[in-house]
Amino acid sequence: MSDTQIKPLANPGPLGLVGFGLTTVLLSLINAHILPSGGEPVVIPLALAYGGLIQLIAGLLEFRTGNTFGMVAFLSYGAFWWWFAMLLLFAGNGLLDLSKAGPTIGVALLLWGVFTFYMWIATFRLNRALWLVFLTLWITFALLGVGDAFGATAIGTLGGYAGILCGGLAMYTSFAEVTNATFGRIVVPVGARD
């Protein structure tokens, strides 16, 4: 089969973005105290199935397309959701004792913020919608990390609101990429770089 007969691969980015965005919005509504903290168990299966598994699949598909940024982002944040869900499951079922963890979870969130900050730097070559997703995500991790590490509830709540914005932007970017691909032209803007 010649190169002209090979069908182009579908873009896995919108799938990874919506898996990330939807899960992030739900957890962030809890972190912002808009939904009750008792709703956190509802996030666990979503984090494993949609936020986690779907992003892992999208990351592997990004590998196939040769997109290093998409591969690193989706595989990493897919693994983040598995970490989060397992942390809740293991701690909630007595398999992990977090009573003496102190600021460790907050520091883990801050490290995710560091990773996200360097991924944000890479988005300066991508569209503005992705730039905003990663900007708001590293801010979210920073606020949640500081809030958790230092017991600053108000800062953690701000992190929840930043997460709502971040997840919403990710869902918007997914919507734009799906719609634009379907129509074969720019219908929903993402702020393409020149």
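Residues numbered from 1 in each chain as written. Predicted model: local features only at pLDDT ≥ 70, side-chain atom pairs only at ≥ 80, totals over all residues. Heavy atoms only, no water.

Engineer: Sorry if this is basic, but what is going on with the overall build of the protein chain here?
Structural biologist: Along the backbone of the protein chain there are six helices and zero strands. Its helices and strands in sequence order give the protein chain the pattern α-α-α-α-α-α, from N to C terminus. Relative to the globule expectation of 16 Å for 194 residues, the C-alpha radius of gyration of the protein chain, 17 Å, shows essentially globular dimensions. Summarising its shape, the C-alpha atoms of the protein chain cover approximately 60 × 30 × 25 Å along the three principal directions. (Helix = DSSP H or I, 4+ residues; strand = E, 2+ residues; numbered from the N terminus. Rg over C-alpha atoms; globule rule 2.2 N^0.38 Å.)

Engineer: Is there a simple way to think about the nonpolar core in this case?
Structural biologist: The nonpolar side chains of soluble globular proteins are, as a tendency, buried together. By size, the foremost hydrophobic cluster in this structure holds 31 residues, and its most contacted members are Phe20, Tyr77, Trp81 and Phe134. If you list the elements that add at least two residues to this core, you get helix 1 (13–31), helix 2 (40–65), helix 3 (68–92), helix 4 (104–122), helix 5 (128–149) and helix 6 (153–183). At eight residues, helix 3 tops the list of elements feeding residues into this core. If sequence neighbours within four positions are ignored, tyrosine 77 has contacts with Phe20, Gly51, Gln55, Trp112, Phe115, Thr116, Met119, Phe134, Leu137 and Phe141. (Core = buried A, V, L, I, M, F, W, Y, C linked by side-chain atoms within 4.5 Å. Buried < 20%, exposed > 50% of the residue type's maximum accessible area, 1.4 Å probe, protein only. Contact = heavy atoms within 4.5 Å.)

Engineer: I would appreciate a short explanation of the environment of alanine 192 in the present structure.
Structural biologist: Counting through the fold element by element, alanine 192 comes out in the segment after helix 6. Overall, the relative accessible area of 55% leaves alanine 192 in the exposed class. Along the primary structure alanine 192 and leucine 126 are separated by 66 residues, whereas in three dimensions their C-alpha atoms are 7.3 Å apart. The contact partners of alanine 192, leaving out residues within four places of it in the chain, are Asn127 and Arg128.

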